[in-house]
Amino acid sequence: MPRATIHLIAAARPNFMKVAPLYHALAAEDWCEPLIVHTGQHYDANMSDAFFDDLGLPKPHIHLGVGSGTHAEQTARVMVAYEKILMEAPPAWTVVVGDVNSTMACTVAAKKLCLNVAHLEAGLRSRDRKMPEEINRLLTDVIADLLWTPSPDADENLRHEGVPEEHIVRVGNIMIDSYELMRPRIEAERTYDSLGLTPGAYGVMTLHRPSNVDDKAVLGGLVDSLTALAADLPLVFAVHPRTHKNLDAFGLWSKLEAAPGIHLTEPMSYIRFMGLVREAKMVVTDSGGIQEETTYLGIPCLTLRDTTERPITVSQGSNRLVPPAELAAAAAKVMAGDWPTGQKPDLWDGHTAPRIVADLKGRLCVPTGGA
Ligand code: UD1
């Protein structure tokens, strides 16, 4: 029997650690052939290649090379390029992950051709439609055929939106599979040494949401809060390209560079970054995935946002939403040891990829029966 082709859509930095465990698990099966389709949404070496290297992924089998643009430009370029691939050789399934523009674009292109789409990390909702990712999540989930969710809140969201029960499969959190796959290398990593820092005595910082970094007054206020915090606790700030450009454009970069206690770095590869996070006193971020990784590790996470699409990291984990004006008070609580370590949510156990493989196999390899 010919092997079923499965496209795994990888587009932007947070996608790569979701695709990697699934790629490795599917590549070990004899009934399917997983192909990595890189849309090219992220293209800098430290936003893409470094992750492929760290996660042991092969070079993408198909590269769409779309690059940056406005939301409509980027989405449209992915749809046009991916549709061509689909028409030449339609896969048995397209698997999209997360909530970036390419996730939604590939879903639309495939569904317009009546092809099967599965969404990994389905059902997350921030209920803030000013976030581009929320639009991508809603559109993807309403048309995808199969919704693999990480947590019960995601199942509930989908049910409320009228998704039939048989389309919802809770598989757990795939990011934890990546961490467990890479754990020996993460634990051997000494990123803090190379920065002259002591385990447990520094913070890690990331910032890239348009709502935090695209407005000069908002970003300026955050820079002031961070420089104040860094006076008490050294802070490693791994700067995303969007944030770097805006810090430069708003004349804020030199202020950060001059601030005592702030270590500015380029975006880090997965192992280097997780090696730093696992020994951090706290993490200050507006990322989605880092809220989950810190919950898994029980590390205090101060999320500079009003909403989260990952509420389980707050209800069960070590994550809290912190308005920028309250950053100093929240950090003081962490320093005083007054912060919950939380617990690991169900099915965040490093075995999500095998659960997905079993589910897909069951759908593709239906027994033909016999006498
Ligand atoms: C995208 C995702 C966001 C995710 C984030 C992780 C969407 C709507 N947003 O946001 O959900 O959390 O990735 O990083 O899909 N750039 C570079 N080099 C690169 C990539 C981008 O310099 O390799 C610069 C470009 O100026 C680009 C800007 O960063 O215009 C923003 O990139 P884009 O992919 O549009 O959005 P992100 O902010 O990275």
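Structure first, text after, so check above.
Predicted model, so just to flag it, every value in this text is computed and none were measured. Position numbers for residues count from 1 along each chain, tracking the sequence in the order it is written. Side-chain atom pairs in this predicted model are given and counted only at pLDDT of 80 or more, local residue features only at pLDDT of at least 70, and totals for whole chains, interfaces and linings cover all residues. As a rule here, side-chain values cover all heavy atoms of the structure and leave hydrogens and water aside.

## Quick look at helix α3 (residues 71-88)
Here is step 1: Its 18 residues place the ends of α3 26 Å apart at the C-alpha level, agreeing with the 26 Å of an ideal helix rising 1.5 Å per residue.
Here is step 2: Here's how the labels work: a residue is buried when its accessible area is under 20% of the maximum for its type, exposed when over 50%, partly exposed in between, all with a 1.4 Å probe on protein chains only. Only DSSP runs of H or I reaching four residues or more are called helices, and only runs of E reaching two or more are called strands; each is numbered from the N terminus. Among the residues of α3, Gln74, Thr75, Val78, Ala81, Tyr82, Ile85 and Leu86 are the ones counted as buried. Burial along α3 is one-sided: seen end-on, the buried residues are contained in an arc of 145 degrees. Structural note: α3 exposes Ala72, Met87 and Glu88 on the side pointing more than 90 degrees away from its buried face.
Here is step 3: Contact partners of the buried residues in α3: β1 (4-10), β2 (32-38), β3 (62-63), β4 (93-97) and α4 (101-112). A helix is expected to reach a length of 1.5 Å times the quantity of its residues less one. The arc in question is traced by the directions running from the helix axis to the C-beta atoms. Two residues form a contact once any of their heavy atoms are found within 4.5 Å.

## Section: unusual backbone geometry
Glycine aside, a negative phi is what most residues show, and trans is what most peptide bonds show.
Here is step 1: For Cys114, which is not a glycine, the phi torsion comes out positive at approximately 60 degrees.
Here is step 2: Structurally, Cys114 can be placed in the loop between α4 and β5 (117-120).
Here is step 3: At Glu121, a position not held by glycine, the phi torsion is positive, near 85 degrees.
Here is step 4: Here Glu121 is to be found in the loop between β5 and α5 (132-143).
Here is step 5: Residue Glu121 is classed as buried on the basis of its relative accessible area of 7%.

## Digging into the sheet that holds β1
Here is step 1: Strand pairing is assigned whenever DSSP detects at least two bridges linking the two strands. If you walk across this open sheet you meet the 7 strands as β3-β2-β1-β4-β5-β6-β7, and the pairing is parallel. The two strands at the open ends of the sheet, each matched to only one other strand, are β3 and β7 (168-170).
Here is step 2: Here β1 pairs with β2 via 7 bridges, running parallel. Residue pairing across strands places Leu8 opposite Ile36, the latter belonging to β2.
Here is step 3: Note on definitions: angles span 0 to 180 degrees between N-to-C directions of axes, and those axes are lines fitted to C-alpha atoms, for helices only across the stretch in contact. Lying over the sheet, helix α1 (residues 13-27) contacts β1, β2, β4 and β5, oriented at roughly 160 degrees with respect to β1.
Here is step 4: Across the face of the sheet, helix α17 (residues 352-364) comes into contact with β1, β4, β5, β6 (146-149) and β7 while running at roughly 165 degrees to β6.

## Overview of the pairing of β6
Here is step 1: In β6, alternate side chains face the same way, and those of Leu146 and Trp148 on one face and Leu147 and Thr149 on the other are all buried.
Here is step 2: Here β5 pairs with β6 via 3 bridges, running parallel. Bridging across to β6, Ala118 finds its partner in Leu146.
Here is step 3: A clockwise course of the path from the first strand over the helix to the second, judged with the strands pointing away from the viewer, identifies a crossover as right-handed. Traced from β5 through α5 to β6, the parallel crossover comes out right-handed.
Here is step 4: Where β6 and β7 come together, 3 bridges link them in parallel fashion. What sits directly across from Trp148, in β7, is Val169.
Here is step 5: Read from β6 through helix α6 (residues 152-160) to β7, the crossover connection turns out right-handed.

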